[in-house]
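# Summary of the model geometry
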Amino acid sequence: MLRYWTAGESHGKALLALIDGFPAGLLIDEAAINVELVRRQGGYGRGKRQQLEVDNVDVLTGVWQGKTIGSPIALQVINRDYKLERLKDLERPRPGHADLTGAIKHLGSIRGILERASARETAVRVAAGMLAKQLLAQFGIDTIGYVTELGGVAIETPSGSLAEHRRLRDESEIYCLAPEQNQKFIDLIDQTAEQGDTLGGVIEVRVEGLPIGLGTHAQWDRKLDGRLAQAVMAVQAIKGVEIGMGFQAARLPGSLVHDPIHHDPARTHEPSLGYTRPSNHAGGLEGGMTNGQPLVIRAAKKPIATLRKPLESINWETKQPQKAQYERSDVCAVPAASVIIEAVVAFEVAAALVDKFGGDSLLEMKARYDLYLEMARKA
Ligand SMILES: Cc1cc2nc3c(=O)[nH]c(=O)nc-3n(C[C@H](O)[C@H](O)[C@H](O)COP(=O)(O)O)c2cc1C
């Protein structure tokens, strides 16, 4: 069973991820993890903090001579902006944050809550997800995340290969697939910032090269659609998750929703075993299992809750009405969230791969993967 937890506060000494159940024998590419950590800090609309520090992963345990050894892997990202002990408590909880509810629940301070609730923690979720992505690559599985809507304005997603999409996305400061529209969205973010306001958006993640049968139909807590929805929804500020056609499927007749099944004998060597679909409204998942088509999942991110023109709140001591507190903050973190959503999706898919093909070693997984495809081709 492949799983992970994280620890660490936003302005604490470091963030940590502890990954358990990672197979032995994978050569880790730390530089590739760092590229994604830096991408998570970027994207147009982020606050000053991101310019203060450049994240870097340290693989503390679970590796010998650059390769995983099957023991727990501890990842660390140092906070160069460490100052937690010097920081004061907040006096006025910010609506849309964990501030008020967490302070009441823990009978404690607002600071003690916001430091952990902050999306700074996702730095190590990205590190863990990128390690998972390297495992997926060994099986020809690739992932991409990009922004499809920002501030209520839809952004085109052209057709093309995942490699072409990655090139387009990496040209875009808002991590979308239409870099020629960058300026329009940069202007929108700037205007919103001038008004003391913030923006949300929609992110899409696609996973390609999947074999048929990851996940299960048999038990609710191991269905891959459910696992993915939890992982994505558990990212800070995500308020909706859609798989494939998502909510639109509820509004159309079945004939326009379900993907017909065809078979192309010339493609049986592919992980989809030659089963093709003229459409992919299911987003690559049927009955909680991958069906060999690309997995497509979307996340709705709410606008940043810390507003320079603050909403009404109360004073935590006196309970008298006061404006909410302003802490240094992003105006738009939708591009950054696309890096995080891709990482958490990659981790869940890798966990399902480990479940199906055994998690002790990469070599064994590969042998079992090949055997499964061979047997499934004859099924
Ligand atoms: C990449 C990313 C960056 C974020 N940056 C900020 C920020 O600078 N200021 C802020 O108030 N909220 C920010 N958030 C959102 C809060 O962390 C989140 O809304 C808050 O913890 C409450 O959790 P909830 O929205 O999931 O209920 C960010 C979220 C993400 C995904």
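Here is what the cut-offs are and how they apply
- Residues numbered from 1 in each chain as written.
- Predicted model: local features only at pLDDT ≥ 70, side-chain atom pairs only at ≥ 80, totals over all residues.
- Heavy atoms only, no water.
- Near = heavy atom within 4 Å.
- Polar contact = N/O pair within 3.5 Å; in protein donor to acceptor, adjacent residues only side chain to side chain.
- Areas by Shrake-Rupley, 256 points an atom, 1.4 Å probe, with all protein chains shown as cover.
- Nonpolar A, V, L, I, M, F, W, Y, C, P; charged D, E, K, R; others polar.
- Pairing = 2+ DSSP bridges.
- Helix = DSSP H or I, 4+ residues; strand = E, 2+ residues; numbered from the N terminus.
- Axes fitted to C-alpha atoms, helices over the stretch in contact; angles between N-to-C directions.
- Contact = heavy atoms within 4.5 Å.
- Core = buried A, V, L, I, M, F, W, Y, C linked by side-chain atoms within 4.5 Å.
- Buried < 20%, exposed > 50% of the residue type's maximum accessible area, 1.4 Å probe, protein only.
- Parallel < 35°, antiparallel > 145°, perpendicular 65-115°, else oblique.
- Left-handed = near helix turned anticlockwise from the far one by under 90°.
- Salt bridge = Lys/Arg side-chain N within 4 Å of Asp/Glu carboxyl O.

### Describing the site of the ligand
As a matter of local geometry, the ligand sits amid 18 residues, with H97, K302, T306, S329 and D330 nearest to it. Measuring from an oxygen atom of the ligand, one finds a side-chain N or O atom of H97 at 2.5 Å. Take S329: an N or O atom from its side chain is 2.6 Å from a nitrogen atom of the ligand. For the ligand, the protein covers 85% of the area, taking 630 Å² as the surface of the free molecule. Among the residues making up the shell around the ligand, the classes are represented as eight nonpolar, five polar and five charged.

### What about the sheet that holds strand β2 (residues 14-20)?
With respect to topology, four strands assemble into an open sheet ordered β1-β2-β6-β3, the strand pairing being antiparallel. Looking along the sheet, the strands with just one partner apiece sit at the ends: β1 (3-7) and β3 (57-59). Adjacent strand axes in the sheet meet at a mean angle of 20°, parallel and antiparallel pairs treated alike. Where β3 meets strand β6 (residues 73-78), three bridges bridge the pair, whose relative direction is antiparallel. Pairing of V59 across the sheet is with L75, part of β6. Of the strands in this sheet, β3 and β6 are in contact with helix α1 (residues 30-41), which crosses β3 at around 145°.

### A few points about the nonpolar core
Membership of the largest hydrophobic core comes to 76 residues, with the highest contact counts inside it found for I19, L150, I341 and V345. Broken down by element, this core gets its largest block of residues, 17 residues, from helix α9 (residues 334-357). Not counting chain neighbours up to four residues away, the residues in contact with I19 comprise L2, R3, Y4, P72, I73, L75, A128, L131 and F347. The next biggest cluster of nonpolar side chains, apart from the first, holds five residues, and it includes L90, A103, I110 and L114.

### A closer look at the environment of L52
Residue placement: L52 occurs in helix α2 (residues 49-52). Separated by 29 residues in sequence, L52 and D81 have C-alpha atoms that sit 7.1 Å apart. Discounting chain neighbours no more than four positions away, the residues touching L52 are D81 and R328.

### Some remarks on the side chain of N182
Structurally, the position occupied by N182 is in helix α7 (residues 182-194). For N182, a relative accessible area of 11% gives the class buried. A polar contact is formed between the side chain of N182 and the side chain of S172, at a distance of 2.9 Å. Residue contacts for N182: discarding those within four places in its chain leaves E171, S172, E173, I174 and C176.

### Structural notes on the packing of helix α5 (residues 122-137) against α9
α9 packs onto α5 with a crossing angle of 45° between their chain directions and a minimal axis gap of 7 Å. Compared by their axis directions, α5 and α9 come out oblique. Handedness of the α5/α9 crossing: left-handed. Contacts between α5 and α9 involve T122, R125, V126, A128, G129, M130, A132, K133, L135 and L136 from the former and V339, I340, E342, A343, V344, A346, F347, V349, A350, L353 and V354 from the latter. Its residues assigned to classes, the contact of α5 with α9 comprises 16 nonpolar, two polar and three charged.

### Observations concerning the sheet that holds strand β10 (residues 238-243)
The five strands lie next to each other as β8-β7-β9-β15-β10, forming an open sheet whose pairing is antiparallel. Each of the sheet's edge strands pairs with one partner strand only, and the pair in question is β8 (153-154) and β10. For strand β7 (residues 142-150) and β8, the ladder comprises two bridges, and the chain directions are antiparallel. Its bridge partner lying in β8, E149 is registered against A154. Sheet contacts for helix α8 (residues 224-233): β10 and β15 (295-301); angle to β10, the most-contacted strand, approximately 155°.

### Quick word on the pairing of β1
Sheet faces and side chains relate simply in a regular strand, where the side chains alternate between the two faces. The alternating pattern of β1 places Y4 and T6 on a buried face, while none of R3, W5 and A7, on the opposite face, is buried. The turn linking β1 back onto β2 is made up of six residues, and G8 within it adopts a positive phi angle of 125°.

### Topic: the pattern of salt bridges
Overall, the coordinates contain 24 salt bridges when judged by the stated rule. Among the ionic pairs, E171 bridges to R167, the shortest N-O distance being 3.1 Å. Within this pair, E171 and its partner R167 are both found in helix α6 (residues 162-171), separated by four residues, close to a single helical turn. Between E348 and R227 there is a salt bridge, with its nearest N and O atoms 3.7 Å apart. Of this pair, E348 sits in helix α9 while R227 sits in helix α8, placing them 121 residues apart in sequence. Because the salt bridges share partners, they merge into one network encompassing K133, D142, R166, R169, D170 and E342.

### Comments concerning the environment of L90
Within the element layout of this structure, L90 appears in the loop between β6 and α3 (99-105). For L90, a relative accessible area of 3% gives the class buried. Considering only alpha carbons, one finds L90 and N315, 225 residues apart in sequence, at a separation of 9.3 Å.

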